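Residue strings, one per chain:
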Amino acid sequence: MPIGITNTTVIYETMINNIVNVTSYPELLININTDIFNGYLFFSLLIVLWIILYVASQELNNAPLINAMYSGAGVTIVSFFVRAIMIYVDGVEKGLLTDTQLWIFPVMTVILALINYMIKDS
């Protein structure tokens, strides 16, 4: 392992065979998510979506907390839909997000809403 690079995923030939030998595109996505990204691919994509929505709304209106709250609400709705997608791989039901990953977005949105409410009254 090179110096300075940590927490990398080592990909073996058997992992590549398991990823490539699929019958459908959704199964390929699940295999890539679980084998290469350890289940964090779609979670990372939702975080990127939150940042993109925040930056886009910040260009329209300069209100950081409100924009973060509304962006979080949008990503929360998307995360509920992403969590609802379940795919069967070798007879095992797998989801794109885990329950723990799902609840991070609504909790952060509620925290931002509470902070926004406290600041608004003062």
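The residue count restarts for each chain, going from 1 along the sequence in the order it is written. Where totals are concerned, whole chains, interfaces and linings use all residues; where local detail is concerned, this predicted model gives features only for residues with pLDDT of at least 70, and gives and counts side-chain atom pairs only at 80 or more. Hydrogen atoms and water are omitted, and side-chain values are computed over all heavy atoms in the structure.

1. Considerations on unusual backbone geometry
You will see that Asn-38, though not glycine, has its phi angle at about 55°, which is positive. Secondary structure elements follow DSSP: runs of H or I no shorter than four residues count as helices, runs of E no shorter than two count as strands, and numbering proceeds from the N terminus. Among the secondary structure elements, Asn-38 is positioned in the loop between helix H2 (25–36) and helix H3 (41–60).

2. A closer look at the pairing of strand S1 (residues 86–89)
For each residue, the accessible area found with a 1.4 Å probe, counting protein chains only, is set against the maximum for its type, and the residue is called buried under 20%, exposed over 50%, and partly exposed in between. Burial along S1 is one-sided: Ile-87 and Val-89 are buried, and none of Met-86 and Tyr-88, which face the opposite way, are. A pair of strands counts as paired when DSSP detects no fewer than two bridges linking them. Looking at chain direction, S1 and strand S2 (residues 92–95) are connected through 4 bridges and run antiparallel. When the bridges of S2 are listed, Tyr-88 appears paired with Glu-93. The turn linking S1 back onto S2 is made up of 2 residues, and Asp-90 within it adopts a positive phi angle of 55°.

3. Remarks on the packing of aromatic side chains
Centres within 6.5 Å are what make two rings of Phe, Tyr or Trp a pair, Trp counting through its six-membered ring; a difference in plane orientation under 30 degrees is then read as stacked, over 60 as edge-to-face, and the rest as tilted. Across all of its chains, the model carries 4 aromatic pairs by this definition. Ring centres of Tyr-40 and Phe-43 lie 6.2 Å apart, and the angle between their planes is 70°; on these two criteria the pair is classed as edge-to-face. For Tyr-40, a relative accessible area of 46% puts it in the partly exposed group. The buried category is assigned to Phe-43, whose relative accessible area is 12%. Each ring, one from Phe-43 and one from Phe-105, has its centre 5.5 Å from the other, and the planes form 45°; the classification is tilted. Taken together, the residues Phe-43 in helix H3 and Phe-105 in helix H5 (residues 99–121) connect sequence positions 62 residues apart. Comparing Phe-43 with Phe-105, the two get one shared label, buried.

4. What about the side chain of Asn-33?
Here Asn-33 lies in helix H2. As used in this structure description, the phrase polar contact means that two N or O atoms lie within 3.5 Å; if the pair is within protein, one of them must be able to donate a hydrogen and the other to accept it, and residues adjacent in sequence are counted only when both atoms belong to side chains. From its side chain, Asn-33 meets the backbone oxygen of Leu-96 in a polar contact 3.4 Å long.

5. Things to note about H2
Helix span, expected: 1.5 Å multiplied by one less than the number of residues in the helix. Taking 1.5 Å as the rise per residue, H2 with 12 residues should run 16 Å; its terminal C-alpha atoms sit 16 Å apart, in good agreement. Every buried residue belonging to H2 is among Glu-27, Ile-30, Asn-31 and Asn-33, and all of these are buried. The arc enclosing the buried residues of H2, seen along the axis, measures out at 165°, which places them on a common side. Phi turns positive one or two residues past the end of H2, at Asn-38, with a value near 55°. Working definition: the arc comes from the directions between the helix axis and the C-beta atoms, pointing outward to the latter.

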